[in-house]
Amino acid sequence: MYNGLNINKIIPSNILGNLSVILIIVGFYFYLIAEIVFDSFSFRPAFLISAYIFFLLNIFITGKIKIDHQLFFYLSVSLIIYAISSPFWLVPYDINVYLSAITAIVIINNYEFFLKAIKVFIFCTLLLAFYEFVTKEYLFVVERQTYLGFRRLDEVFFGGLSGIFRAKVYFEGPLALSQFAIGAALLFRNNLKLLYTILLISIFANGRLGIVVCVGVIALYYFKRYDIGSLILKPKTLLIILTSFISVIVLFFSVLDKASIERLTEAFNTSNKGNSDRIQFWIDGFKMLMHTDLTHLIFGNNGKFESVYNNNAENGWLTLLLNNGIVGFVYYFIPIIHIIIVSIKKTPMDVIYIFLFIFCMFVQTFHLGASANLFYWLIVFSFLKPHK
């Protein structure tokens, strides 16, 4: 404890820690609004730097850090890996994949407050997603370079040939909103009310993987909490569970139109253009990986695949290997292996959640977006925390 000026009496440490969390949330989820309103691209970096400063001030005042020292060291190593690997990259300044591990340190150090704050944020997201869904109009629209060229990412762009509406709220697009829902569902896997809220967000975004994951997590919640065999002897509990699932089905078909439902049913149809394009990116990614020299195979070549195909490899693990090499892949996968080993001994049900998490990374680049990447490390921590 720093006692010289007794700063703790003037500025309580929890205020600095909580403020750092709020700055991160605002910086991650409102930077696009700042880009549109103020024509500023420095909003998120400025807020993140401010959050880091308040975090360091908090440590200086209290003289301690709440996060487990081993986890703190492991997450901090990300900067060393970045410093070693980035000189070999085509795009050396893309630091999100490793910087989010540092941001996770700030969040985990104030984890309980973060959980409270993000719950409020989730409910706000649902309200705004519902507003967009009803009005069929986005809150704002950005323009980006895509594999189809420079495009305005509006309702028509994301609606596709079927012309469906997919909510996105303050995210760049519906996919990012769906990724947020996936991360939130895995993080709050033991909070049933919040899980249904997150499922609604996925439905409004028409995120196929998001809906599948949310339904899967809800089903696992019931399976984990209740002994399926004993439910026959508890008709009231069984009725509540069946009613909840029927309500979801009714809501699903009443909210989504025919085109939206058809899109969801084609989630695993390889002849679907979106799915076939994704598979083609996978094939192209493996081909590039097979022809990668040893140096880039070890350290990656961030930006190379995207410079050729104007897109990522549409597979989180494959994209990690391409962009960050074996070093980056191992760095991300070691915690997963550790959780599986520990969970088998203590909480076997968590293994199913982890495999669901691994599956999400197979079909989406869950680690690329700054906010989704942060969720990656927070989900990892949420599995490690019960075993402390």
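Cut-off values and rules
Residues numbered from 1 in each chain as written. Predicted model: local features only at pLDDT ≥ 70, side-chain atom pairs only at ≥ 80, totals over all residues. Heavy atoms only, no water. Helix = DSSP H or I, 4+ residues; strand = E, 2+ residues; numbered from the N terminus. Buried < 20%, exposed > 50% of the residue type's maximum accessible area, 1.4 Å probe, protein only. Contact = heavy atoms within 4.5 Å. Areas by Shrake-Rupley, 256 points an atom, 1.4 Å probe, with all protein chains shown as cover. Expected span 1.5 Å × (residues − 1). Salt bridge = Lys/Arg side-chain N within 4 Å of Asp/Glu carboxyl O. 1 Å grid on protein atoms, 1.4 Å probe; cavity = no way out; pocket = protein on both sides within 12 Å on 5 of 7 lines; lining within 4 Å. Points joined across faces, edges and corners; volume = space filled by probe spheres on them. Nonpolar A, V, L, I, M, F, W, Y, C, P; charged D, E, K, R; others polar. Phe/Tyr/Trp six-rings, centres within 6.5 Å; stacked < 30°, edge-to-face > 60°. Lys NZ or Arg CZ within 6 Å of the ring centre and 35° of its normal. Axes fitted to C-alpha atoms, helices over the stretch in contact; angles between N-to-C directions. Parallel < 35°, antiparallel > 145°, perpendicular 65-115°, else oblique. Left-handed = near helix turned anticlockwise from the far one by under 90°.

Novice: What am I meant to see in the overall build of the protein here?
Specialist: From N to C terminus, the protein includes 19 helices and two strands. Split into buried and exposed, the 388 residues of the protein put 50% on the buried side. Intrachain contacts of the protein at a sequence separation of at least 6 include 71% that bridge at least 24 residues. For the protein, the computed accessible surface area is about 18,800 Å², with 69% contributed by carbon and sulfur atoms.

Novice: Would you mind showing me how to read helix α4 (residues 43–62) here?
Specialist: For an α-helix, 3.6 residues make a turn, and residues three or four places apart therefore share a direction. With 20 residues, α4 should reach 28 Å at 1.5 Å per residue; the first-to-last C-alpha distance of 29 Å fits that figure. Along α4, the positions that sit buried rather than exposed are F43, R44, L48, A51, Y52, F55, N58, I61 and T62. G63 sits one or two positions beyond α4 and adopts a positive phi of about 75°.

Novice: Even after reading the chapter, I still don't get the pattern of salt bridges, so can you show me in this structure?
Specialist: Opposite charge on two side chains lets them pair, provided their charged atoms get close. Summed over all chains, the structure comprises five salt bridges. When the shortest N-O distance is used, the salt bridge between R144 and E35 registers 3.0 Å. Here R144 is found in strand β1 (residues 143–146), whereas its partner E35 is found in helix α3 (residues 31–38), with 109 residues between them in sequence. The buried category is assigned to E35, whose relative accessible area is 12%. Beyond isolated ion pairs, a larger network of salt bridges with shared partners links E35, R144 and E172.

Novice: Can you walk me through empty space enclosed by the protein in this structure?
Specialist: Rolled over the atoms, a probe with the dimensions of a water molecule shows which regions are left empty. On inspection of all chains with the given rule, the structure shows one cavity of 30 Å³ or more. Volume-wise, the largest cavity comes out at about 50 Å³. Taken together, I24, I25, F28, Y29, F114, I118, S371, L374, F375 and L378 form the lining of the largest cavity. The set of elements that each furnish at least two residues to the lining of the largest cavity consists of α2 (13–29), α7 (111–135) and α19 (370–384). Residue classes in the lining of the largest cavity are distributed as nine nonpolar, one polar and no charged.

Novice: So what exactly am I meant to see when it comes to the packing of aromatic side chains here?
Specialist: We describe a pair of aromatic rings using the distance from one ring centre to the other and the angle between the two ring planes. Summed over all chains, the structure comprises 35 aromatic pairs. Judged by centre distance (6.4 Å) and plane angle (65°), the ring pair of Y138 and F158 falls under edge-to-face. One end of the pair, Y138, is in the loop between α7 and β1; the other, F158, is in helix α8 (residues 155–159), and 20 residues separate them in sequence. Y138 gets classed as buried once you look at its relative accessible area, which sits at 6%. For F158, a relative accessible area of 18% puts it in the buried group. Here the aromatic residues Y74, Y82, W89, Y98, Y331, Y332, F357, Y376 and W377 are joined through ring pairs into a cluster of three or more. Between the NZ or CZ atom of K168 and the centre of the ring of F140, over which it lies, the distance is 3.8 Å. Positioned over the ring face of Y353 is R189, at 5.8 Å from the centre of the ring.

Novice: Can you walk me through the packing of helix α5 (residues 69–85) against helix α6 (residues 96–109) in this structure?
Specialist: Two numbers describe a pair of packed helices, the interaxial angle and the distance between the axes. Running from N to C, α5 and α6 point in directions that differ by 155°, and their axes come no closer than 8 Å. If you check the angle between α5 and α6, you find them roughly antiparallel. Between α5 and α6 the crossing geometry is left-handed. Judged by residue contacts, L71, F72, L75, S76, S78, L79, I81 and Y82 of α5 engage Y98, A101, I102, A104, I105 and I108 from α6. For the contact of α5 with α6, a count of residues per class yields twelve nonpolar, two polar and no charged.

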